[in-house]
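# Remarks on the overall topology
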Amino acid sequence: MLSDGIIEELRERIRSFDMKLDARETGQVVSLADGIATVYGLDRVTYGELVVFEDDSLGMAMNLESDRVGVVLFSDGGGLREGTLCRRGGQAASVSCGDGLIGRVVNPLGEAIDGGAPIVGQKDMPVEREASGVMSRKPVNVPLKTGILAVDALVPVGRGQRELIIGDRQTGKTTIAVDAILNQKDQNVICIYCAIGQKNSSIAQIHASLRAAGALDYTFIVSSPASDSPSLQYLAPYAATAMGEYFMDQGRDVLIIYDDLSKHAVAYRALSLLLRRSPGREAYPGDVFYLHSRLLERSCRLEDHWGGGSMTALPIIETQAGDVSAYIPTNVISITDGQIYLESHLFRSGVRPAVNTGLSVSRVGGAAQPAGIRALAGNLRVTLARFAELEVFTQFAGDLDDATREALDSGHRLTEVLKQTPGSSLSTAGQLVTLYYVTSGGFSDVPLAHVRDFARDVRKYLSQEDGPLMQELERGEKLTDGQKEALDKRLAAFKAHEAPSWQK
């Protein structure tokens, strides 16, 4: 006979017995090639849902057919074989976000790849999220200062705007983006640099530049280099945007750089062809426009009752031989709020940044520009356009009238002051001073070859001799008559006592 103790223990186990069913929809890999797993059995999986394999590797469902599912892998798939079991993840692809991202280099899955400690996330954000509606958006009227005079004066960027940087390779596209990041120091802006299909050496160089300038205090890098699979390169900008939305939802301002979306489109084309989707123009799939529109539409400026944050996007597109009418460039141009077009001819002739003011435009315009700069820069585009036209027609002319000579001289001087070396950002006060002097004729007696150095020396002189005036100008308000008079006096004093011998 069983003892009373054993009987009581059996009764207790029966009372506490809870039969839990763990019902999961599973599938089986039927083929595996080029980072794509074809799975049979996941009948209820949704587009973009995570798929978990036996070895805990992850993939994302992207092709939903009647009897099988095409899954893109986030790993090399080395542990997978035909017959490997998998299951639905039960959620859309997401990335872990938090303040711990700042200063780090992460992959599109949110994992640290800079050799540091693992990143502890505070919230999972969906990689794909519907863009904010019209009623939740606020007008773009707060400037995002890049510190680049040619950009801030001619093609201003506002917080929440999407401004395309476009041009051939080696024309300074990334330099403008990095300078914009460097200028956000002490501006309370979180910066994200998303590298898509770049060389590891290039990404390391940018990381070193940001670290040397102290920009990693408010910046992090999402890296998917050329050695990554097309699936990770495809995921990278969406993951970076999700990370930016985490900060935007907290009411903070974000600047995100996509470098570049041309390679992102190529990665998506490779994925689509591997998934056996029908190719269209230039072998791109039919939804390649939607690829970038649903990404860039997530950048905006929110109303205060939605948090009041903003996300400014500076996507980069590389053109071939200056062809802005190609398929991907025209798609992205139609999505964004303007473009900064960099021209190879200008770059080679020493105009850097090589901004073509005729093809560059900001559809936000002066609404996102300090009033002082807007007042002084109002006619600059007309001046430069006239200068470019005259320069073409007069390059072989020997006899020019005084008005034409004056217009050419003014255009040459304006072109000189718009030149700027990488990393030498200008404050709002410095931009106001430069624009005032060049538009009022303050530099007209300076030899053309020395205009740029002269402008730099004047800004330095004003900062040392009249700090209170420069602090007033930093507010960006329209110059008063008293401020103009003070600037004229300071310029005269500089020319009389401080200028080099060629100016006296």
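Residues numbered from 1 in each chain as written. Predicted model: local features only at pLDDT ≥ 70, side-chain atom pairs only at ≥ 80, totals over all residues. Heavy atoms only, no water.

### Side note on the overall build of the protein
Counting its regular elements, the protein contains 16 helices and 16 strands. Expressed as lengths along the three principal axes of its C-alpha atoms, the size of the protein is roughly 120 × 55 × 40 Å. Residues classed as buried in the protein amount to 49% of the 504 residues present. Taking the intrachain contacts of the protein between residues at least 6 apart in sequence as the baseline, contacts between residues at least 24 apart amount to 73%. Accessible surface for the protein amounts to roughly 23900 Å². Of this, 50% is attributable to carbon and sulfur atoms. Averaged over its 52 positive side-chain charges, the protein has a centre that lies 2 Å from the centre of its 64 negative ones. (Helix = DSSP H or I, 4+ residues; strand = E, 2+ residues; numbered from the N terminus. Buried < 20%, exposed > 50% of the residue type's maximum accessible area, 1.4 Å probe, protein only. Contact = heavy atoms within 4.5 Å. Areas by Shrake-Rupley, 256 points an atom, 1.4 Å probe, with all protein chains shown as cover. Lys, Arg positive; Asp, Glu negative; His and termini not counted. Charge placed at Lys NZ, Arg CZ, Asp CG, Glu CD.)

### Things to note about the sheet that holds strand β4 (residues 58-64)
Hydrogen bonding along the main chain pairs the strands of a sheet, whether they run parallel or antiparallel. One closed barrel holds the six strands; their spatial order is β1-β2-β5-β4-β3-β6, and the pairing between them is antiparallel. Looking at each pair of strands side by side, their axes are set apart by 45 degrees on average, direction ignored. Here strand β3 (residues 49-53) runs beside β4; their pairing, made up of three bridges, is antiparallel. By the bridge assignment for β4, V51 is matched with G59. (Pairing = 2+ DSSP bridges. Axes fitted to C-alpha atoms, helices over the stretch in contact; angles between N-to-C directions.)

### Brief notes about the sheet that holds strand β13 (residues 253-259)
In space, the eight strands of this open sheet follow the order β8-β12-β11-β13-β14-β10-β15-β16, with mixed pairing throughout. A strand with exactly one partner marks an edge of an open sheet, and here the two such strands are β8 (105-106) and β16 (361-362). Across six bridges, β13 lies against strand β14 (residues 310-318) in parallel orientation. Note on β14: the bridge partner recorded for Y258 is P315.

### Description of unusual backbone geometry
Note that the residue after D259, namely D260, is joined by a cis bond; omega there is -5 degrees. Among the secondary structure elements, D260 is positioned in the loop between β13 and α6 (261-274). Here R352 and P353 are connected by a cis peptide whose omega angle stands at 5 degrees. When you line up the elements, P353 lands in the loop between α9 (344-348) and β16. Phi is positive for R276, close to 65 degrees, though the residue is something other than glycine.

### Focus: the layout of surface pockets
What the largest pocket holds in volume is close to 1000 Å³. Lining the largest pocket are 37 residues, and of these Q170, G172, K173, T174 and T175 lie nearest its centre. At the level of secondary structure, the elements contributing two or more residues to the lining of the largest pocket comprise α3 (173-182) and α4 (200-212). Both domain 2 (135-368) and domain 3 (371-496) contribute no fewer than three residues apiece to the lining of the largest pocket. Considering only enclosed or pocket space, the second largest pocket measures out at about 570 Å³ in volume. Lining the second largest pocket are 24 residues; nearest its centre among them are L346, V351, F387, E391 and T415. Going through the elements one at a time, α2 (149-154), α9, α11 (380-394) and α12 (402-418) are the ones with two or more residues in the lining of the second largest pocket. (1 Å grid on protein atoms, 1.4 Å probe; cavity = no way out; pocket = protein on both sides within 12 Å on 5 of 7 lines; lining within 4 Å. Points joined across faces, edges and corners; volume = space filled by probe spheres on them. Domains from an automatic or database assignment.)

### Comments concerning the nonpolar core
Core analysis: the largest hydrophobic core is formed by 65 residues, its most contacted members being I181, L255, Y437, L473 and L487. With seven residues, the single largest contributor to this core is helix α13 (residues 428-440). Each of domain 2 (135-368) and domain 3 (371-496) contributes no fewer than three residues to this core. Those residues in contact with L473 that sit more than four places away from it in its chain are T428, A429, L432, V433, L479, Q483 and L487. Within the second largest apolar cluster, 57 residues are counted, among which are M125, L164, M248 and Y327. (Core = buried A, V, L, I, M, F, W, Y, C linked by side-chain atoms within 4.5 Å.)

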